[in-house]
Amino acid sequence: MRSSISIILALILQIFSMPLVAQAQERILPDDNFSLTLLFHKTDTVLVVTPDSYILNDYDKRDIERYVFWDKWQKKPDYIYKKESELISADYSKKIQLYGPFSQFKNKQLINSPFKQTAFGFEFDKVKYEDPEDALFYISSDAKRLLTCRNSERHNNIYTQIGAGCYQLYVFRGNEIMVTGFEDNNTIHSVRYNNLELQRNRYFDSFSTQYLDFEISKGGVTDSLKRVLINDVDDYIKILCSHLEVGSDIKKLKTYVYSNMSDLQFFIAVPKSMTVYGKSIGNINHLYNFDITVFKHETAHSVIEEKIGKTENIFLLEGFATFTSYFFSSTAYSNDIQVVRDNLSLLNRDIIKGGSGEFYSNMAYYPISATFTKYLIDIIGLSKFKNVYLSKNIEESVMSITGKNLDQIIEDFKRDNNM
């Protein structure tokens with residue numbers, strides 16, 4: 001009898017210690033204020049902890065320290081780095097960010113979360129995520145722990161690319177957002193979440209071309225749109241690759257087309273206060289309605305990233321993608337040059353070199369960056385420009401080729417364009 005009671009009590013304890021999860025029938029909307037994210041980073045120092053077997057590289061540190069994209073409003077903390085075995089008792093009172101494969105952490109206190117460890121990854125709501133490209137993001141409800149864990153360093157840190165943080169919890173598979181949600185603070189690790197894969201299946205109709213898988217909001221796949229896309233987009237990619245002097249043997253791309261901006265914002269997990277017409281995340285693009293100009297811009301991002309690489313510099317990132325429109329339109333460049341003339345004060349070394357988030361505060365920066373990119377390509381050639389594009393220091397790279405700093409190049413640009 002006593003042993004039976006012990007078994008029952010053990011089962012009860014096990015049940016109450018298990019994470020409770022509930023997939024929402026209605027959409028769970030984000031926290032527009034990024035409350036937990038800001039609270040976690042409201043500290044002088046963040047302690048980044050990795051598993052003992054994980055070797056932290058410069059790219060990891062870059063992504064970790066550049067994730068703070070709100071430093072104009074809240075002071076950016078300093079970062080110190082330790083292996084898990086190097087922690088001392090005093091460290092546990094600090095703000096700790098876990099980085100590296102979730103499955104390799106040994107200290108259960110550190111990884112206390114709605115996620116379970118598995119042999120090669122993690123589990124959430126009885127679904128295992130063990131592919132090399134799977135990743136998770138989670139902030140504890142007391143804002144003392146931040147988990148930014150991916151199964152393999154071979155994949156990009158998607159949490160930095162989408163600016164994760166308006167939800168408390170995310171699950172990623174490659175460049176797809178699979179889950180977003182929040183904990184219920186009244187119950188340990190009880191989570192209400194959006195199953196985005198299920199919601200995508202309900203929201204979109206699909207069809208494919210040679211290079212692209214299209215997911216278009218139901219009712220939006222008309223025969224006329226299919227004809228336009230099938231006849232145009234594959235040729236566009238082939239011609240684009242030719243102009244970029246790269247092969248057209250690209251991995252298949254995916255483009256989601258939403259019927260309104262609210263749906264786009266929901267599926268890419270950004271606040272409603274953020275105006276978004278298109279978003280490129282690796283080989284996946286998201287569009288508000290189907291605008292051929294925005295589609296080509298976002299697709300250019302994907303092609304450039306796969307065939308050439310991805311720059312850290314926002315000015316050149318957007319400038320190069322926008323510049324590709326000049327391959328296809330005789331008037332695009334002349335129209336953009338006029339925008340530059342009307343906004344000439346915006347062109348300066350800080351916006352070029354810093355690549356700050358200020359870029360996205362003014363649409364005029366797109367034609368400014370595109371025309372300046374064209375100027376660089378014209379004077380140094382496409383091949384050398386690709387090296388500049390990928391360099392860590394844009395100014396040093398330009399100077400090594402031209403012997404001129406950015407201020408001098410800007411003056412040459414103005415002079416040669418009669419500004």
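Preceding this section is the structure that the text describes.
Worth saying up front: this structure is predicted, and the values here are computed from it rather than measured.

### Concerning the overall build of the protein
Move 1: Helices and strands together make up the secondary structure of the protein, namely 15 helices and 17 strands.
Move 2: Scaling as 2.2 N^0.38, a compact globule of 419 residues should have a C-alpha radius of gyration of about 22 Å, and the protein matches this with 24 Å.
Move 3: The buried share of the protein, reckoned over its 419 residues, is 49%.
Move 4: Contacts spanning at least 24 positions in sequence make up 64% of the contacts within the protein whose residues lie at least 6 apart.
Move 5: Summing over all exposed atoms, the protein offers an accessible surface of approximately 20200 Å²; the carbon and sulfur share of this is 50%.
Move 6: The distance from the centre of the 48 positive side-chain charges to the centre of the 53 negative ones in the protein is 3 Å.

### Notes on the packing of aromatic side chains
Move 1: A complete count under the given rule lists 49 aromatic pairs for this structure.
Move 2: Ring geometry for Phe327 versus Phe328: centroids 6.4 Å apart, planes at 75°, classification edge-to-face.
Move 3: Since its relative accessible area comes to 33%, Phe328 is described here as partly exposed.
Move 4: Among the aromatic side chains, those forming a connected cluster through ring pairs are Phe34, Tyr67, Phe69, Trp70, Phe137, Tyr159, Tyr167, Tyr170, Phe172 and Phe182.
Move 5: In this arrangement the basic side chain of Lys296 is found over the ring face of Phe328, its NZ or CZ atom lying 5.5 Å from the centre.
Move 6: Positioned above the aromatic ring of Tyr59 is the side chain of Lys392, whose terminal nitrogen or guanidinium carbon lies 5.2 Å from the ring centre.

### Describing the environment of Glu305
Move 1: Here Glu305 shows up in helix H8 (residues 292-307).
Move 2: The sequence separation of Glu305 and Asn283 amounts to 22 residues, and the corresponding C-alpha distance is 8.4 Å.
Move 3: Not counting residues up to four positions away in its chain, the partners in contact with Glu305 are Asn156, Gly282 and Lys310.

### Some points on the pattern of salt bridges
Move 1: Here the structure, examined in full by the defined rule, presents 23 salt bridges.
Move 2: The salt bridge partner of Glu176 is Arg200, with a shortest N-O separation of 3.8 Å. Of this pair, Glu176 sits in strand S11 (residues 176-184) while Arg200 is found in helix H5 (residues 196-203), placing the two residues 24 residues apart along the sequence.
Move 3: If you follow the salt bridges from partner to partner, you end up with Arg62, Asp63, Arg66 and Glu312 in one network.

### Observations concerning the side chain of Thr311
Move 1: Within the secondary structure, Thr311 sits in the loop between H8 and helix H9 (314-323).
Move 2: Within the structure, the side chain of Thr311 is placed 3.0 Å from the backbone nitrogen of Asn313, a separation counted as a polar contact.
Move 3: At a separation of 2.8 Å, a polar atom in the side chain of Thr311 contacts the main-chain carbonyl oxygen of Tyr389.
Move 4: Among residues more than four places away in sequence, those in contact with Thr311 are Leu316, Leu317, Tyr389 and Leu390.

### A short note on the pairing of strand S12 (residues 190-195)
Two faces belong to every sheet, and in a regular strand the side chains alternate between them.
Move 1: Counting buried positions along S12 yields five of six residues, so the element is predominantly enclosed.
Move 2: Sheet analysis places S11 next to S12, joined by six bridges and oriented antiparallel. Residue Gly181 lies in a different strand from S12, and its bridge partner there is Tyr193.

### Some details on the sheet that holds strand S7 (residues 127-129)
Move 1: Strand order across the open sheet formed by three strands is S5-S6-S7, with antiparallel pairing between neighbours. Each of the sheet's edge strands pairs with one partner strand only, and the pair in question is strand S5 (116-117) and S7.
Move 2: Of the pairings in the sheet, the one linking S5 to strand S6 (residues 122-124) comprises two bridges and is antiparallel in character. Paired with Lys116 across the bridge in S6 is Glu123.

### Overview of the nonpolar core
Generally speaking, soluble globular proteins have nonpolar side chains that are buried together.
Move 1: By size, the foremost hydrophobic cluster in this structure holds 59 residues, and its most contacted members are Phe315, Phe320 and Phe372.
Move 2: Looking at this core, the element that brings in the most residues is helix H12 (residues 365-380), giving nine residues.
Move 3: Apart from the residues within four sequence positions on either side, Phe372 is in contact with Phe315, Leu347, Ile352, Ile409, Ile410 and Phe413.
Move 4: Cys166, Phe172, Phe266 and Ile281 belong to the second-largest nonpolar core, a separate cluster that totals 40 residues.

### Some remarks on the pairing of strand S10 (residues 169-173)
Move 1: Within S10, four of the five residues are buried, leaving the element largely enclosed by the surrounding structure.
Move 2: Where S10 and S11 come together, five bridges link them in antiparallel fashion. Its bridge partner being in S11, Tyr170 is matched across the sheet by Thr180.
Move 3: Here S10 folds back onto S11 in antiparallel fashion, the turn holding two residues, of which Gly174 has a positive phi close to 65°.

### Structural notes on H12
Move 1: Over its 16 residues, H12 runs 22 Å from end to end, which matches the ideal 22 Å to within 8%, given 1.5 Å per residue.
Move 2: Buried residues dominate H12, accounting for 13 of its 16 residues.
Move 3: Backbone geometry just downstream of H12 places Gly381 in the positive-phi region, at approximately 90°.

### Some remarks on the sheet that holds strand S15 (residues 253-258)
Move 1: Reading across from one edge, S13-S14-S15-S17-S16 is the order of the five strands in this open sheet, with mixed pairing throughout. Only two strands of the sheet have a single partner each, and these edge strands are strand S13 (204-208) and strand S16 (278-281). Across this sheet, the average inter-strand angle for adjacent strands is 15°, counted without regard to direction.
Move 2: Of the pairings in the sheet, the one linking strand S14 (residues 212-217) to S15 comprises five bridges and is parallel in character. Directly across from Leu212, in S15, lies its bridge partner Leu253.
Move 3: Helix-sheet contacts for helix H6 (residues 223-243) involve S13, S14 and S15, and the interaxial angle to S14 is about 145°.

Quick notes on the rules
Residues numbered from 1 in each chain as written. Predicted model: local features only at pLDDT ≥ 70, side-chain atom pairs only at ≥ 80, totals over all residues. Heavy atoms only, no water. Helix = DSSP H or I, 4+ residues; strand = E, 2+ residues; numbered from the N terminus. Rg over C-alpha atoms; globule rule 2.2 N^0.38 Å. Buried < 20%, exposed > 50% of the residue type's maximum accessible area, 1.4 Å probe, protein only. Contact = heavy atoms within 4.5 Å. Areas by Shrake-Rupley, 256 points an atom, 1.4 Å probe, with all protein chains shown as cover. Lys, Arg positive; Asp, Glu negative; His and termini not counted. Charge placed at Lys NZ, Arg CZ, Asp CG, Glu CD. Phe/Tyr/Trp six-rings, centres within 6.5 Å; stacked < 30°, edge-to-face > 60°. Lys NZ or Arg CZ within 6 Å of the ring centre and 35° of its normal. Salt bridge = Lys/Arg side-chain N within 4 Å of Asp/Glu carboxyl O. Polar contact = N/O pair within 3.5 Å; in protein donor to acceptor, adjacent residues only side chain to side chain. Pairing = 2+ DSSP bridges. Core = buried A, V, L, I, M, F, W, Y, C linked by side-chain atoms within 4.5 Å. Expected span 1.5 Å × (residues − 1). Axes fitted to C-alpha atoms, helices over the stretch in contact; angles between N-to-C directions.

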